[in-house]
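Next come the chains, spelled out residue by residue.
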Amino acid sequence: MNVRFLFILLIALSSFLLPAQAQDIEAGKKKAEACAACHGADGNPIAPMFPALAGQNARYIYLQLKDYKEGRRKNALMSPMATSLSKEDMLDMASFFNAQKQAKNNFKTDPQRIKAGAAKAEESLCAMCHMGGMSGQNEIPRLAGQHPDYIITQLKNFKARERNNDAGNMTSLAQTLSEDDMVNLAHWISNLY
Amino acid sequence: MRPAFVVQTAVLESMETAPLVVNGVMFITTSYNHVYAVNATTGEQYWHYKHKIGPVSTYCCGPNNKGVAISEGKLFMGTLDAKIVALDAKSGKLLWQTQIADPELGYSETMAPTVVDGKVLIGTNGGEYGVRGFVKAFNAETGKLDWTFHTIPDKGHEGVWAENDATGRNMKRDIPAEKAALAKNADFFKTLGGGVWMTPAIDKKTRTVFFVAGNPSPDLYGAERPGDNLYTNSMIAVDLDSGKYKWHYQYIAHDVWDLDAVSPPILVDVKNKDGKMIPGVIHGGKTGHIYVHDRSNGNLIRFSEAMVSQEGLWSLPTPKGTRMSLGANGGVEWSPMAVHPGLRLAFAANLEQPMTYHVEASAYPGGKLWLGGAFKNVPGEEQFGNVTAVNLDTGKIAWKARTPQPMIGGVLATAGDLVFAGEGNGWLKAYDAKSGKVLWQYQCGAGVNAPPTSYTVDGKQYIAVAAGGNSQLDFKRGNSVFVFAL
């Protein structure tokens, strides 16, 4: 076997052996350039009102993009962004953001609020779906380390049923939360990084 | 009794595996579908298999796995991405894999399959996702589908409009409103749930498969799924060779509390109402009762005294939340019970976990978690557990041993009159089967929330149990299987 042929064979083999996901991440990086203005180039947002996508579960990102596209979740910025995305685009971007490292947010948490938030989380059985440490699983989002501004906004939206693509679980739970509960939960979640 | 060895796996996450020992080799599974084969007397590893999970896996309650089945040198495991895989038991090499159902729609596998006469039987998770539940039989040699039994019939799922549960208590259904809703739409059977997520039992003599079906979807919002929602929350018997329906018995019609039938059925001879011993089949209900059936026709012979508190039964969920002392994990969760036929006792692991039940109208969300509401703990109310012994022939509680945390994982009874059960705080305890007295305990360092098993190699008896904690109750995670011997 000549060396040149061996070289070509190795190249062919190595691209064949690369996990499919790695290719998705590369494609996703390019496609996610449009997201950087708000969510940051690496999924760590430029302002606290935008969620951190770095390290977020791919399945969650994919399903939320799909819900934006199909109108189940509405947001003035996100809904128009999602309309032109194909299924492959969404899966690629989800893989890219999932592979990024989440940075610590700079919010200063209050120990009293963290304690109250932890108690409220236990009562509300948050870990039953979001897992211990709010690390998330599948389509259930990772919450750990999100900025309180984003968490509070989402809880308020669930309570007002302005966000209702959750099949009744978060909307129902949010009815039992006061604004103070939401702030406490947000401090606790922010501190879980 | 002391540890003989400890198997440490590479996966630090919830363990629900029942170790299986054949010819001196122990097979254990972990979260995320790893399988280990180890020497059952030393713990030395023979091989380690890691299933390549596809891009979509949908499961509600942790990436668990409950174990493998084995027959003629082949191991069978269900996977989180809804496949059944067959491995060579000697080498751990993949022999075949078959896609059971579409994980995008919420189908996934955590249960241990059953293998019998060349058929691998497996159900599905997904009662929280709007699946249409089933049990399927696959050819053990080829992986080809043999038959499917749907737990939700396309016609007749409205049933008999039962007003009472199996124990005769009124379930407060608005049946005229349900009938009106059914007249408008009866097509919801495709998303009505009824997952089968614990292992079936087989009676080879009558060639019958017995299994229990879980809750209807969505869990808490019942208005758009009128009727009894057959065969959810039922024990079901089907023909082993054809998968054809034989009988069913429904415990809770039109459930709106997620009180599945889930703890696996056990085949045992029982006393019928005339005092005659007959083949029976029993189930430990999330309701906190043990149900004793005639195996031939499903008739309920008796139900046990309630093993847990049932305050507020059957209060309907409301938007603000209604309290029942019986939580959504039930009085008995998936935890397998154990039976000591000589003592005529069944042993169950109980949870005392008061909750409020909240309802929220919600349409089918296309393969996402679909609860139609929420469950919450009640602030300030104590949670704990029991190990309870119940006389099969009278339904009376023989003894009850309290534990500091709700119990999830399962119970083992040995012929030596010992009962083993683990706790979320890491203690594995051995009880006197006759009295419930704690005779021995060992601290495993992580939640013991898996069924203990007993086996013998070269005449020496061992007890094996996984200590990996539990994701659903958030008990401390570990990665080990402890094996004990005298």
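Residues numbered from 1 in each chain as written. Chains lettered and ligands numbered in written order. Predicted model: local features only at pLDDT ≥ 70, side-chain atom pairs only at ≥ 80, totals over all residues. Heavy atoms only, no water.

Considering the overall build of chain A
Line of reasoning, step 1. Looking only at helices and strands, chain A has 11 helices and 0 strands in total.
Line of reasoning, step 2. Along chain A, helices (α) and strands (β) appear in the sequence α-α-α-α-α-α-α-α-α-α-α when read from the amino end.
Line of reasoning, step 3. Taken across its 193 residues, chain A has 47% of its residues classed as buried.
Line of reasoning, step 4. In chain A, 66% of the contacts between residues at least 6 apart in sequence involve partners at least 24 apart.
Line of reasoning, step 5. Working note: accessible area of chain A is about 9,900 Å², and carbon and sulfur atoms make up 60% of it. (Helix = DSSP H or I, 4+ residues; strand = E, 2+ residues; numbered from the N terminus. Buried < 20%, exposed > 50% of the residue type's maximum accessible area, 1.4 Å probe, protein only. Contact = heavy atoms within 4.5 Å. Areas by Shrake-Rupley, 256 points an atom, 1.4 Å probe, with all protein chains shown as cover.)

As for the sheet that holds strand β9 (residues 94–99) of chain B
Residues and elements named next belong to chain B.
Line of reasoning, step 1. With respect to topology, 4 strands assemble into an open sheet ordered β6-β7-β8-β9, the strand pairing being antiparallel. A strand with exactly one partner marks an edge of an open sheet, and here the two such strands are β6 (69–71) and β9. Strand after strand, the sheet turns through a mean of 20° between neighbouring axes, direction not considered.
Line of reasoning, step 2. Across 5 bridges, strand β7 (residues 74–78) lies against strand β8 (residues 83–88) in antiparallel orientation. Residue pairing in the sheet places Met 77 in a bridge with Val 85 of β8. (Pairing = 2+ DSSP bridges. Axes fitted to C-alpha atoms, helices over the stretch in contact; angles between N-to-C directions.)

Quick look at the pattern of salt bridges
Line of reasoning, step 1. Inspection of the entire model under this criterion finds 36 salt bridges over all chains.
Line of reasoning, step 2. Put simply, Lys30(A) and Glu33(A) hold a salt bridge, and the shortest N to O gap is 3.9 Å. There is no split in this pair, since Lys30(A) and Glu33(A) are both exposed.
Line of reasoning, step 3. We note a salt bridge from Lys119(B) to Asp146(B), for which the minimum N-O separation is 3.5 Å. Here Lys119(B), found in strand β11 (residues 119–122), pairs with Asp146(B), found in strand β13 (residues 145–150); they are 27 residues apart in sequence, far enough to count as distant.
Line of reasoning, step 4. Note on Lys119(B): relative accessible area 11%, which makes it buried.
Line of reasoning, step 5. Of the residues examined, Asp146(B) reaches a relative accessible area of 41% and is grouped as partly exposed.
Line of reasoning, step 6. Through salt bridges with shared partners, a single ionic network connects Asp67(A), Glu70(A), Arg72(A) and Lys368(B). (Salt bridge = Lys/Arg side-chain N within 4 Å of Asp/Glu carboxyl O.)

Points about the nonpolar core
Line of reasoning, step 1. Among the nonpolar cores identified, the biggest contains 53 residues, and Phe76(B), Ile84(B), Trp257(B), Trp314(B) and Tyr357(B) are the most heavily contacted of them.
Line of reasoning, step 2. Of all the secondary-structure elements, those providing two or more residues to this core are α8 (126–130) of chain A together with β8, β11, β12 (134–139), β15 (208–213), β16 (234–239) and β25 (355–359) of chain B.
Line of reasoning, step 3. Excluding its chain neighbours within four sequence positions, the residues that come into contact with Trp257(B) are Met171(B), Asp219(B), Ile252(B), Trp314(B), Ser315(B), Leu316(B), Pro317(B), Met324(B), Ala328(B), Tyr357(B) and Phe375(B).
Line of reasoning, step 4. Counting residues in each nonpolar core, the second largest holds 17 residues, with Tyr462(B), Val481(B), Val483(B) and Ala485(B) among its members. (Core = buried A, V, L, I, M, F, W, Y, C linked by side-chain atoms within 4.5 Å.)

Comments concerning the state of the cysteines
Line of reasoning, step 1. Per the counting criterion, the structure on display carries 1 disulfide over all chains.
Line of reasoning, step 2. Sulfur-sulfur distance for the disulfide between Cys60(B) and Cys61(B) comes to 2.0 Å. Taking the torsion about the S-S bond as the criterion, the Cys60(B) to Cys61(B) disulfide, at about -95°, is left-handed.
Line of reasoning, step 3. No disulfide involves Cys38(A); its sulfur sits 8.9 Å from the nearest other cysteine sulfur, which is in Cys35(A).
Line of reasoning, step 4. What makes Cys38(A) partly exposed here is its relative accessible area of 23%. (Disulfide = S-S within 2.5 Å.)

Concerning the environment of Arg2(B)
Residues and elements named next belong to chain B.
Line of reasoning, step 1. Checked against the element boundaries, Arg 2 lands in strand β1 (residues 2–8).
Line of reasoning, step 2. Relative accessible area serves as the criterion here: at 66%, Arg 2 is assigned to the exposed category.
Line of reasoning, step 3. Sequence separation of Arg 2 and Ala 485 is 483 residues, and the distance between their C-alpha atoms is 5.7 Å.
Line of reasoning, step 4. Excluding residues within four positions of it along the chain, Arg 2 makes contact with Val 483, Phe 484 and Ala 485.

Brief notes about the environment of Gly227(B)
Line of reasoning, step 1. Of note, Gly227(B) is situated in the loop between β15 and β16.
Line of reasoning, step 2. Setting aside its immediate chain neighbours within four residues, Gly227(B) contacts Glu158(B), Trp161(B), Arg173(B), Glu178(B) and His254(B).

Section: the packing of aromatic side chains
Residue and element names in this part refer to chain B.
Line of reasoning, step 1. Summed over all chains, the structure comprises 22 aromatic pairs over all chains.
Line of reasoning, step 2. Measuring from centroid to centroid gives 4.2 Å for Tyr 251 and Tyr 291, while their planes differ by 35°, and the two rings are tilted. Within this pair, whereas Tyr 251 is found in the loop between β17 (245–250) and β18 (266–271), its partner Tyr 291 is found in strand β20 (residues 290–294), the two being separated by 40 residues in sequence. A single burial state applies to Tyr 251 and to Tyr 291, both of which are buried.
Line of reasoning, step 3. Three or more aromatic residues joined by ring pairs form one cluster here, namely Phe 420, Trp 440, Tyr 442, Phe 482 and Phe 484.
Line of reasoning, step 4. For Lys 66, the ring lying beneath its charged end belongs to Trp 334, and the centroid distance is 4.7 Å. (Phe/Tyr/Trp six-rings, centres within 6.5 Å; stacked < 30°, edge-to-face > 60°. Lys NZ or Arg CZ within 6 Å of the ring centre and 35° of its normal.)

Some points on the packing of helix α4 (residues 58–70) of chain A against helix α6 (residues 87–99) of chain A
Residue and element names in this part refer to chain A.
Line of reasoning, step 1. Interaxial distance between α4 and α6 falls to 8 Å at its minimum, and their mutual angle equals 140°. Put simply, α4 runs oblique to α6. Remark: the crossing between α4 and α6 carries right-handed chirality. Residues Ala 58, Ile 61, Tyr 62, Leu 65, Lys 66 and Lys 69 of α4 form the contact with α6, whose participating residues are Lys 87, Met 90, Leu 91, Ala 94, Ser 95, Phe 97 and Asn 98.
Line of reasoning, step 2. For the contact of α4 with α6, the class distribution of residues is 8 nonpolar, 2 polar and 3 charged. (Parallel < 35°, antiparallel > 145°, perpendicular 65-115°, else oblique. Left-handed = near helix turned anticlockwise from the far one by under 90°. Nonpolar A, V, L, I, M, F, W, Y, C, P; charged D, E, K, R; others polar.)

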